[in-house]
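These are the residues of each chain, in order.
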Amino acid sequence: MAQVPAVPKLSRARHLLRTTLFGRTDHTADMVASERAALALRAAGPKGATAQQVTFLLPMVGPDHVGDWDAVVARLRTTLEGFVAQDEPSWRAAVCCQSAPDLPDDPRITHLPFTDPTPGNDKWRKLRVLCEALPDLASAPGYAMSFDADDLLRQGTVKEMLTRQERGGYLVQSGYVMDVSTGDIGLADRRSWTTPLRKPFWKLCGSCAAVYHTPSEPTSTAFLAEMTQHEHRMFPYLATLAGQPLSPLLRPSVLYMLNHGENFGARRGRVGYKTRFVQRYRIDDRDILDTLRGEFGL
């Protein structure tokens, strides 16, 4: 199964208009599965229960699809160790892969086996497995966040989410992009008068949305399973359609690593633009870079 194409922007605007302005929760014939799931969740209404944990869902490439499995596992361990180092311990992480990688010895980290032999890019099929397992992974209401197995979470991010208790969830509006081949780091954020071409982080990387999830509510799990079949640029729209608009995190909270040798984007010819992006918005202040290295465990 391939990634589901994005809904055209005009259709998104029309669907949001009928739900937010007119309060409609019935679907129209042209809506895709994710939009129908969003409206079903909206119709179920907000539960308002306190979020008690953050659950990270990591689809991991299988060993048969990479050139250096040990290097891929090492990057995964770095990602997971960033979770372990969080000063708020209320999180869980699940890794879905054909083979169980060498994981940190932490009961909060789980491997979910993946047995679908269908050829091709299986990332989205793994995300569906992870989302459908959420009722077992998360015993209480919380936030669920799909997270790439080579990205890094900033220290204090789990605490911010559980302290603020935003009803819909969170969006990584600002974050960092690192070119591993050079060590350079660029800032992704919303546009300004001085940076009219800059893009927000959620348009560049899939580790960008933590959505409120209620394990006991089937429509909540179904929505996440359908939402994650799309590219990440669809996440804010679908969350808003579901009645769970995402609030920006207060600081750059995720670091996306490029050019480390096994990026899926490189296989699809998408890394060149992002490499140029890093150079255009490169951070040169040594004090800032030292702080980032400490808070991201670089």
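Residues numbered from 1 in each chain as written. Predicted model: local features only at pLDDT ≥ 70, side-chain atom pairs only at ≥ 80, totals over all residues. Heavy atoms only, no water.

## Topic: the overall build of the chain
Consideration 1: In terms of regular secondary structure, the chain is built from 11 helices and 11 strands.
Consideration 2: The C-alpha atoms of the chain give 18 Å as radius of gyration, which agrees with the globular expectation for 298 residues (19 Å, within 12%).
Consideration 3: With the C-alpha coordinates aligned to their principal axes, the bounding extent of the chain is approximately 50 × 50 × 40 Å.
Consideration 4: Counting across all 298 residues of the chain, residues that qualify as buried make up 55%.
Consideration 5: Of the roughly 13,100 Å² that the chain leaves accessible, carbon and sulfur atoms contribute 54%. (Helix = DSSP H or I, 4+ residues; strand = E, 2+ residues; numbered from the N terminus. Rg over C-alpha atoms; globule rule 2.2 N^0.38 Å. Buried < 20%, exposed > 50% of the residue type's maximum accessible area, 1.4 Å probe, protein only. Areas by Shrake-Rupley, 256 points an atom, 1.4 Å probe, with all protein chains shown as cover.)

## A short note on the environment of T194
Consideration 1: When you line up the elements, T194 lands in the loop between β8 (184-188) and β9 (209-213).
Consideration 2: A relative accessible area of 72% places T194 in the exposed class.
Consideration 3: Within polar-contact distance, the side chain of T194 engages the side chain of S192 at 3.1 Å. (Polar contact = N/O pair within 3.5 Å; in protein donor to acceptor, adjacent residues only side chain to side chain.)

## Some words on the sheet that holds strand β3 (residues 109-113)
Consideration 1: What the 7 strands build is an open sheet, ordered β3-β2-β1-β4-β9-β6-β10; its pairing is mixed. The sheet terminates laterally at β3 and β10 (247-248), the two strands that pair on one side only.
Consideration 2: Across the sheet, helix α7 (residues 218-227) touches β4 (142-146) and β9, and the angle it forms with β9 is around 160°. (Pairing = 2+ DSSP bridges. Contact = heavy atoms within 4.5 Å. Axes fitted to C-alpha atoms, helices over the stretch in contact; angles between N-to-C directions.)

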